[in-house]
Amino acid sequence: MKIAVLGYGNIGSGVVEVLRRNCAYVAKKAGQEIHVKYVLDLRDFPGDPMEDCVVHDIQKITEDPEIEIVVETMGGLRPAYDFVKACLEKGKSVATSNKELVAEYGAELMELAEQKGANFLFEASVGGGIPIIRPLNQSVTSDEIYEITGILNGTTNFMLTRMSKDGVTFDEILKKAQELGYAERNPEADIEGKDACRKIAILSSLAFGANVEAKDVHTEGITSISDTDMKYASQMGMVIKLFGTSRMEKDRRVFAMVAPMLVKPDHPLYHVDDVMNGILVRGDVIGDLMFYGAGAGKLPTASAVVADVIDEACNMDRSIMRRWTKEKLELEEFSACTNRFFVRIRGKREENKQRVKELFHIERYMELPGLDEFGFWTEEMEESVFEKKAKEIGCVINRIRMAR
């Protein structure tokens with residue numbers, strides 16, 4: 001079987017490497033050998049083993065009847081969307097690692113693939129090397145999923161872990177993450193939570209069967225988390241993690257959010273550290289399922305892409321993805337979501353504590369030596385109620401939610 005790879009960057013070259021390194025094993029699993037006939041890229045790669053396979057025109061791929069599967073690892077929406085759509089229109093199956101593409105156009109592209117008797121698979125778009133899409137699509141279909149919570153971004157998890165364990169500041173660890181190659185020169189997609197937002201939108205769409213748009217997911221990054229927040233967390237025996245969460249309440253309302261959370265030691269995601277990712281799936285029958293592993297990286301992600309290629313090679317005559325509908329799933333207003341908050345207040349004056357006590361049911365205050373501030377936990381309340389009370393206090397330094 002002959003395939004094409006769109007984009008010969010980190011992941012694309014990883015896909016070629018996995019196919020070459022494990023060619024015999026892949027052939028055994030796929031029932032036939034899989035060869036890369038074309039690599040599409042703007043650049044040439046003189047001296048590279050794939051040098052003679054490089055092309056610059058997508059039509060070379062779409063018009064070649066020998067190409068049955070296309071791997072898309074270009075990233076971004078354009079021209080990835082146009083190229084993938086053109087390939088599906090020709091009845092070619094597509095495997096992609098592009099989370100932005102899947103979050104924005106997944107429902108449309110899956111529908112098109114089904115119409116053309118092809119497949120559009122995207123295991124690598126959410127958890128990198130962690131198998132999560134396939135289990136949700138095939139293994140827990142008899143269960144009603146009511147919550148998915150994940151540490152979905154390795155860069156932010158690395159930063160928060162090191163801030164907690166090494167006592168470094170946000171700026172210091174961001175610089176270190178960039179030096180190590182974990183964070184881009186422009187780290188906005190990671191530290192502002194946008195990457196995790198796209199991933200939880202994909203998982204929510206698959207779990208609940210309708211299209212969850214990333215723009216509707218309440219999203220906060222980690223830029224507000226300081227080394228002082230970490231000291232409070234340590235005092236309480238907790239850690240701070242960036243969670244992407246989607247939850248269906250008993251009344252069928254669905255809430256989705258990305259935000260830093262204080263996590264207790266008994267939470268399944270407490271020990272997911274550094275660049276590792278973890279995803280917790282909760283179902284009404286099966287209970288809690290945990291998926292853990294490398295959420296990014298060249299070869300782990302490439303391995304997940306190749307797994308999709310093998311699935312497509314084994315199912316050339318039928319669509320195997322349980323797709324979600326293009327109908328939009330209306331998320332509940334985030335202001336109505338209930339959470340418990342840890343709050344830091346500027347100033348230790350007694351009148352500040354008295355004002356807090358008038359607005360919240362306070363069990364105890366927490367203080368750190370040498371700081372003119374204090375912290376406390378609220379009871380569980382709606383986001384809108386908390387925001388109103390926080391404005392009345394007027395001297396809130398930061399607030400972090402408690403993970404359920």
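This text follows the structure it describes.
Residues numbered from 1 in each chain as written. Predicted model: local features only at pLDDT ≥ 70, side-chain atom pairs only at ≥ 80, totals over all residues. Heavy atoms only, no water.

Asker: Could you give an account of the packing of aromatic side chains, naming the residues involved and the relevant values?
Answerer: Under the defined criterion, the tally for this structure stands at twelve aromatic pairs. A centroid spacing of 4.9 Å and a plane angle of 80° characterise the contact between Y8 and F45, whose relative ring orientation is edge-to-face. Of this pair, Y8 sits in the loop between β1 (2–6) and α1 (10–21) while F45 sits in the loop between β2 (35–40) and β3 (54–55), and the two are 37 residues apart along the sequence. Assigned by exposure class, Y8 and F45 land together as buried. Among the aromatic residues, those joined into a cluster by ring pairs are F341, F360, Y365, F374, F376 and F386. Just above the ring of F374 sits the side chain of K353; from NZ or CZ to the centre is 5.5 Å. Lying across the ring of F360, K389 places its NZ or CZ 5.3 Å from the centre. (Phe/Tyr/Trp six-rings, centres within 6.5 Å; stacked < 30°, edge-to-face > 60°. Helix = DSSP H or I, 4+ residues; strand = E, 2+ residues; numbered from the N terminus. Buried < 20%, exposed > 50% of the residue type's maximum accessible area, 1.4 Å probe, protein only. Lys NZ or Arg CZ within 6 Å of the ring centre and 35° of its normal.)

Asker: So what's going on with the sheet that holds strand β6 (residues 120–121)? Which residues, and what values?
Answerer: Across the sheet, six strands lie side by side as β3-β2-β1-β4-β5-β6; this open sheet has parallel pairing. Both edges of this open sheet fall to β3 and β6, since each of them pairs with a single strand only. Pairing of strand β4 (residues 67–72) with strand β5 (residues 93–96), which is carried by four bridges, proceeds in the parallel orientation. For V70, the partnering residue across the bridge sits in β5 and is V94. (Pairing = 2+ DSSP bridges.)

Asker: Requested: an account of the side chain of D308, with residues and values cited.
Answerer: Along the polypeptide, D308 turns up in helix α13 (residues 298–314). The class for D308 is buried, based on a relative accessible area of 3%. Among the polar contacts made by the side chain of D308, one reaches the main-chain amide nitrogen of F122 at a distance of 3.3 Å. Contacts of D308, omitting those with residues within four sequence positions, involve A95, L121, F122, E123, A124 and R134. (Polar contact = N/O pair within 3.5 Å; in protein donor to acceptor, adjacent residues only side chain to side chain. Contact = heavy atoms within 4.5 Å.)

Asker: Which residues make up the environment of A30, and what values go with them?
Answerer: Turning to its location among the elements, A30 is positioned in helix α2 (residues 23–30). A30 sits 277 residues away from A307 along the chain, and the two C-alpha atoms are 9.4 Å apart.

Asker: Talk me through the pattern of salt bridges; I want residue IDs and the actual numbers.
Answerer: Within the structure shown, the criterion is met by 43 salt bridges. With a closest N to O distance of 3.2 Å, D195 and K99 form a salt bridge. Linking D195 in helix α11 (residues 194–208) with K99 in helix α5 (residues 99–115), this pair joins segments that are 96 residues apart in sequence. Accessibility expressed as a relative area gives 6% for D195, which makes it buried. Given the relative accessible area of 24%, K99 is considered partly exposed. Between K215 and D216 there is a salt bridge, with the nearest N and O atoms lying 3.5 Å from each other. (Salt bridge = Lys/Arg side-chain N within 4 Å of Asp/Glu carboxyl O.)

Asker: How would you explain the packing of α1 against α13 if you had to name every residue and give the values?
Answerer: For any two helices packed against each other, the geometry is given by the interaxial angle and the distance between the axes. Running from N to C, α1 and α13 cross one another at 65°; their axes reach a closest spacing of 8 Å. Accordingly, the angle class assigned to the pair α1 and α13 is roughly perpendicular. Classified by chirality, the crossing of α13 by α1 is right-handed. The segment α1 lies against α13, with N10, I11, S13, G14, V15, E17, V18, L19 and R21 engaging K298, L299, T301, A302, S303, V305 and V306. Classifying every residue of the contact of α1 with α13 gives eight nonpolar, five polar and three charged. (Axes fitted to C-alpha atoms, helices over the stretch in contact; angles between N-to-C directions. Parallel < 35°, antiparallel > 145°, perpendicular 65-115°, else oblique. Left-handed = near helix turned anticlockwise from the far one by under 90°. Nonpolar A, V, L, I, M, F, W, Y, C, P; charged D, E, K, R; others polar.)

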